[in-house]
Structure formats: structure tokens, C-alpha cells
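As a plain string of letters, each chain reads:
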Amino acid sequence: MSSTESSCKPERPTITERLMFAVPTALIYGTILYFLIWVPKEPTIPFIAGLVFFPMAITSVVTILADPRGEGSTWRHIKIGWICITAFLVLSVIAFREGGICIVMASPFFYAGSALGSWLASLSLRKLRSKSVASCIVILPLVGLPGPSLVSAPQHDGQVQTVMIIDAPPEAVWKNTVEIPAIRPAERIWTFSHDIVGVPRPIGARIEGQGVGAVRHLRWTRGVTFEEVVTGWQQARSLAWNFRFGPKSIPDSVEGLT
């Protein structure tokens, strides 16, 4: 081949140029999947489609578009996938108003699924030389979407007991437990879960009535409100109740806690 013919041959895009197209495309595809998977209010959580296949699909798009010949290392694709997933998680907090607690709880699945998707897509491109096989990963969330509706969640009954010893007379503890007019911001201890992740915490409790049948009205941060209907009342000794949540008790931003 002559030098003239060689100079006329178009240059292949660099990895940076490919990523400038691949990453936005993957984020757009992820946004579409988000509205298909997470926005509909289903009775069951789309675990397979939403937490496993969802990140696999996003990072597969990045891998296919950024390295269609499968020339790059798998580890590089995994790192690029993690960057892309991180960008999407940040976007979900800003644009979709997802709660920080939801992101923290889902992130291990997202990063594991991202790595798996990058590895499978890279392996398909390098070993099988097939974009078709790699592209199958891209549509996995759509294939797995009907799964939760076909499987009923098992019923589970459990009990959690917490013991706390307070150095105060029973009457004093009772007085400051049954009703709490307001917890001032200065009285709230800084914690990672509350101040960084965004887990709601109590800021006040008001009670109506006394004895069995009384109702405690609780207010938590981030707009959480609910009631506790007293089912057991032993003055200065014990208090039992059943929770009662209304349709507006849990805002959408912290719905993952219910």
C-alpha cells in the first residue's frame, strides 16, 4: 500500500472520543429503563430487573460503544462502568429525587451488576467477536421486568427486641417517652445515617387520650408522619402500640424505608 493510500485511510476514533458518545448514550438508556422499571408502583420490588439487569445493561452499552472490537482490558471497562453507574446514581438523587438511603442500599447491587455487565460484554466482544451476544445483555432488564409479578413474596413473621438501660426513675422516663413536644436540632446527635444518607429521625410525639386506645402522633424529619395506637398501658412501666400509616405518611423520597 502506498503512502498516499495510507494517508487517506480514516483514523479510528480514540477511546476518549468513543466515551464522549458512549457515556451519554448509556445514561439516556438508563433513564428510559428507570421510568420503565422503577416509576410504576408495583406491589413487589423489581429486584432482578431493577438491581441486577439494570446496571448490567447500562455498562454493556458503554462497553459496546466504547470498544466495539473488544481490544481494551476488562478491568478498564469495569472501571469505566463504575464511573458511569456513579454518575447515574448522582443523577437519580438530583433529577429523580431518590432518597440517599435508597441509593446507599442499592449501590452494592448496582456496582456488582455493573462489573458483571462490563465483564460479560467485554468477554463477548473479545472471545466471541459478536456484538449480537453482547447486545443481549442490553435488553435483559426488559426481559426480566415481568418476573416479580409472576412470583409471590413469601410471608415472614419476625421479632426484634432492643434493650436500653436508662439511669433515671421510671416516672421520669415515662414522662419523657409517652409525649415528646419537640426535639430541638441542638439535641440531635450528628450521625452518618441521618445527616449524610438522609435516614429520617423523630422530632416530636404528641398523644391524644390516655390508656388503651390513645393515639400518639409522631413527626419525623423529611416530612414523615404517622400514628401509634396504644394497645397496652401500664403507668410508668410499659407501653405498647400498633403503627398506623396514612397515604401521605411516607414521602416518595423516603419510600424505600417502608
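Refer to the preceding data block for the structure.
Let me begin by describing the structure that accompanies this report.

## So, helix 6 (residues 131-138)
When helix 6 is considered as a whole, its buried residues turn out to be Ala-134, Ile-137 and Val-138. One side of helix 6 carries all its buried residues, which in axial view fall inside an arc of 115°.

## A word on the packing of aromatic side chains
All chains considered together, the criterion is met by ten aromatic pairs. Judged by centre distance (5.5 Å) and plane angle (90°), the ring pair of Tyr-34 and Phe-35 falls under edge-to-face. Overall, Tyr-34 belongs to the buried group, its relative accessible area being 9%. Since its relative accessible area comes to 45%, Phe-35 is described here as partly exposed. On the basis of an interplanar angle of 80° and a centroid distance of 5.2 Å, the ring pair of Trp-174 and Trp-233 is categorised as edge-to-face. Taken together, the residues span a long stretch of sequence, with Trp-174 in helix 9 (residues 170-178) and Trp-233 in strand 3 (residues 225-234) at a distance of 59 residues. Pairwise contacts between aromatic rings join Trp-220, Phe-226, Trp-241, Phe-243 and Phe-245 into one cluster.

## Digging into the environment of Arg-219
Looking at the secondary structure, you find Arg-219 in strand 2 (residues 215-220). By relative accessible area, Arg-219 is classed as partly exposed at 40%. With 13 residues separating them in the primary sequence, Arg-219 and Arg-206 have C-alpha atoms 8.7 Å apart. Once residues within four sequence positions are removed from consideration, Arg-219 is found in contact with Pro-181, Pro-202, Ile-203, Gly-204, Val-224 and Thr-225.

## A short note on the side chain of His-217
With respect to the secondary-structure elements, His-217 resides in strand 2. Ignoring sequence-local partners within four residues, the contact set of His-217 consists of Gly-204, Ala-205, Arg-206, Glu-208, Phe-226 and Glu-227.

## Overview of the nonpolar core
If you look at the biggest cluster of nonpolar residues, it comprises 31 residues, and the most contacted ones within it are Phe-54, Ile-58 and Phe-110. Every element with two or more residues in this core is listed here: helix 2 (15-37), helix 3 (47-66), helix 4 (74-94), helix 5 (100-128) and helix 6. The biggest single contributor to this core is helix 3, with eleven residues. If you look at the next biggest cluster of nonpolar residues, it comprises six residues, including Trp-174, Val-178, Ile-207 and Leu-239.

## Notes on the packing of helix 2 against helix 4
It is the contact of helix 2 with helix 4, at a shortest axis distance of 10 Å, that shows an interaxial angle of 45°. For the element pair helix 2 / helix 4, the angle class is oblique. Between helix 2 and helix 4 the crossing geometry is right-handed. Contact residues: Ile-15, Leu-19, Val-23, Ala-26, Leu-27, Gly-30, Thr-31 and Tyr-34 in helix 2; Arg-76, Ile-80, Cys-84, Phe-88 and Leu-91 in helix 4.

Procedures and definitions
- Residues numbered from 1 in each chain as written.
- Predicted model: local features only at pLDDT ≥ 70, side-chain atom pairs only at ≥ 80, totals over all residues.
- Heavy atoms only, no water.
- Buried < 20%, exposed > 50% of the residue type's maximum accessible area, 1.4 Å probe, protein only.
- Helix = DSSP H or I, 4+ residues; strand = E, 2+ residues; numbered from the N terminus.
- Arc of directions from axis to C-beta.
- Phe/Tyr/Trp six-rings, centres within 6.5 Å; stacked < 30°, edge-to-face > 60°.
- Contact = heavy atoms within 4.5 Å.
- Core = buried A, V, L, I, M, F, W, Y, C linked by side-chain atoms within 4.5 Å.
- Axes fitted to C-alpha atoms, helices over the stretch in contact; angles between N-to-C directions.
- Parallel < 35°, antiparallel > 145°, perpendicular 65-115°, else oblique.
- Left-handed = near helix turned anticlockwise from the far one by under 90°.

Keep in mind that these numbers describe shape and distance, not what the molecule does.
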